[in-house]
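Each chain is listed here by its residues.
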Amino acid sequence: MKDLVSPEIEAYAQAHSRAESAVRRALREETQRTMEYAQMVVGPLEGAFLQMMTQLVGAKRVLEIGMFTGYSALCFAEAVPADGTVITCDIDEKSAALARRYFAQTPLGKKIDIRMGPALETMRALAGPFDLIFIDADKANYLNYYRRALDLLAPNGVILIDNVLWSGEVLTQPPPDERTAAIQELNRTVANDSRVTSVLVTIRDGILVVRQKA
Ligand SMILES: C[S@@+](CC[C@H](N)C(=O)[O-])C[C@H]1O[C@@H](n2cnc3c(N)ncnc32)[C@H](O)[C@@H]1O
């Protein structure tokens, strides 16, 4: 992933935002030491943003699409109230094993419910409403995830979609590959969807914040 914001500005923003908890820091560092594609972890600054959104919405039920080693799931678990829940999905057993080990080390882990299997199938089997839905898995399915997320969303809920700037590749026409095309299509679809309002926030690799119109 290409840095869209300079590392100095990113570090400054991070230093002036909600701090990373000890358990998340340990998980991030172990992920960086032991896992391929460790850059997929949202990290402390985006994590603080996810937590702010969770608390602004007053989210009690969160759905995450794409858990990896569990960093963002822990962000949500820290931000929901004591009786809040986070359902998170993944297909990769190796990542899930690391996530489970960290979830077991903290009482927050009791709030997290892992659903293994293709996320679209999981989403189809789930019943809403969810107050916050975070989409951060395979890009080719982003539009499918968005459509199902709208069905599952509480009236005042919010959908957050990660990597919508795709290292800046969204500017390239024609799109160089299928994943870039899928993200461009998602961004176009949301911008033209009369049911919702949205803002594309330029934190890290871009986060699309979507809510339904009143
Ligand atoms: C970008 S990572 C998620 C990062 C995570 N949110 C974090 O901050 O640590 C994407 C994850 O989606 C998972 N994934 C890919 N395709 C999937 C699918 N069809 N269903 C469920 N999970 C999938 C991958 O295994 C990977 O762990």
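Overview of the site of the ligand
(1) Moving on: Taken together, 19 residues form the shell around the ligand, and within it G66, S72, D90, A119 and D136 come nearest.
(2) Moving on: Note that a nitrogen atom of the ligand is positioned 2.7 Å from one of the side-chain N or O atoms of S72.
(3) Moving on: Between the ligand and the protein, one listed contact pairs an oxygen atom with a side-chain N or O atom of D90 at 2.6 Å.
(4) Moving on: For the ligand, whose free accessible area comes to 600 Å², the fraction covered by protein is 89%.
(5) Moving on: At a threshold of 2 Å from the grid points, most atoms of the ligand map onto the largest pocket.
(6) Moving on: Residue composition of the shell around the ligand, grouped by class: 11 nonpolar, three polar and five charged.

Focus on unusual backbone geometry
(1) Moving on: Between G128 and P129 the backbone carries a cis peptide bond, its omega angle lying at -5°.
(2) Moving on: Along the chain, P129 turns up in the loop between α6 (119-125) and β4 (130-135).
(3) Moving on: The residue after Q173, namely P174, is reached through a cis peptide bond having omega -5°.
(4) Moving on: Within the fold, P174 resides in the loop between β5 (153-162) and α8 (178-191).
(5) Moving on: Unusually for a residue other than glycine, W166 sits at a positive phi of about 50°.
(6) Moving on: Tracing the backbone shows W166 in the loop between β5 and α8.
(7) Moving on: The backbone of S167 shows a phi angle near 55°, a positive value even though the residue is not glycine.
(8) Moving on: Locating S167 in the fold gives a position in the loop between β5 and α8.

Structural notes on the layout of surface pockets
Summary: where empty space remains is shown by rolling a probe the size of a single water molecule over the atoms.
(1) Moving on: Volume-wise, the largest pocket comes out at about 810 Å³.
(2) Moving on: Breaking the lining of the largest pocket down by element, the ones donating at least two residues are α4 (71-79), β2 (85-90) and α6.
(3) Moving on: Its residues assigned to classes, the lining of the largest pocket shows 16 nonpolar, eight polar and nine charged.
(4) Moving on: If you add up the space inside the second largest pocket, you get close to 380 Å³.
(5) Moving on: When contributions to the lining of the second largest pocket are tallied by element, the ones reaching two or more residues are α1 (7-15), α2 (22-34) and α3 (43-57).
(6) Moving on: Sort the elements by how many residues they give to the lining of the second largest pocket and α3 lands first, with four residues.
(7) Moving on: Looking at side-chain class alone, the lining of the second largest pocket contains nine nonpolar, four polar and seven charged residues.

Conventions adopted
- Counting from 1, residues in each chain are numbered in the order their sequence is written.
- In view of the model being predicted, local features appear only for residues whose pLDDT reaches at least 70, and side-chain atom pairs are presented and counted only at 80 or more, with totals across whole chains, interfaces and linings using the full set of residues.
- The side-chain values count all of the structure's non-hydrogen atoms but skip hydrogen atoms and water molecules.
- Near is defined per residue: the residue qualifies when any heavy atom it owns lies within 4 Å of the molecule or strand.
- Residues adjacent in sequence count toward polar contacts only when both atoms are side-chain atoms; beyond that, a polar contact is any pair of N or O atoms within 3.5 Å, and within protein one must be able to donate a hydrogen and the other to accept it.
- Here the open area of atoms and residues is found with the Shrake-Rupley method and a 1.4 Å probe, where only the protein chains shown may cover a residue.
- Whether a set of points on the 1 Å grid over the protein atoms alone is a cavity depends on a 1.4 Å probe fitting there but being unable to get out, while an open set qualifies as a pocket with protein on both sides within 12 Å along at least five of seven lines; lining residues are those with an atom within 4 Å of a point.
- By definition, a pocket or cavity contains a molecule when more than half of the molecule's atoms lie within 2 Å of the pocket's grid points.
- Residue classes follow a fixed rule: Ala, Val, Leu, Ile, Met, Phe, Trp, Tyr, Cys and Pro count as nonpolar, while Asp, Glu, Lys and Arg count as charged, and any other residue, Gly among them, counts as polar.
- A run of H or I in DSSP becomes a helix once it reaches four residues, and a run of E becomes a strand once it reaches two; helices and strands are each numbered from the N terminus.
- Grid points are joined across faces, edges and corners, and a volume is the space filled by probe spheres set on the points.

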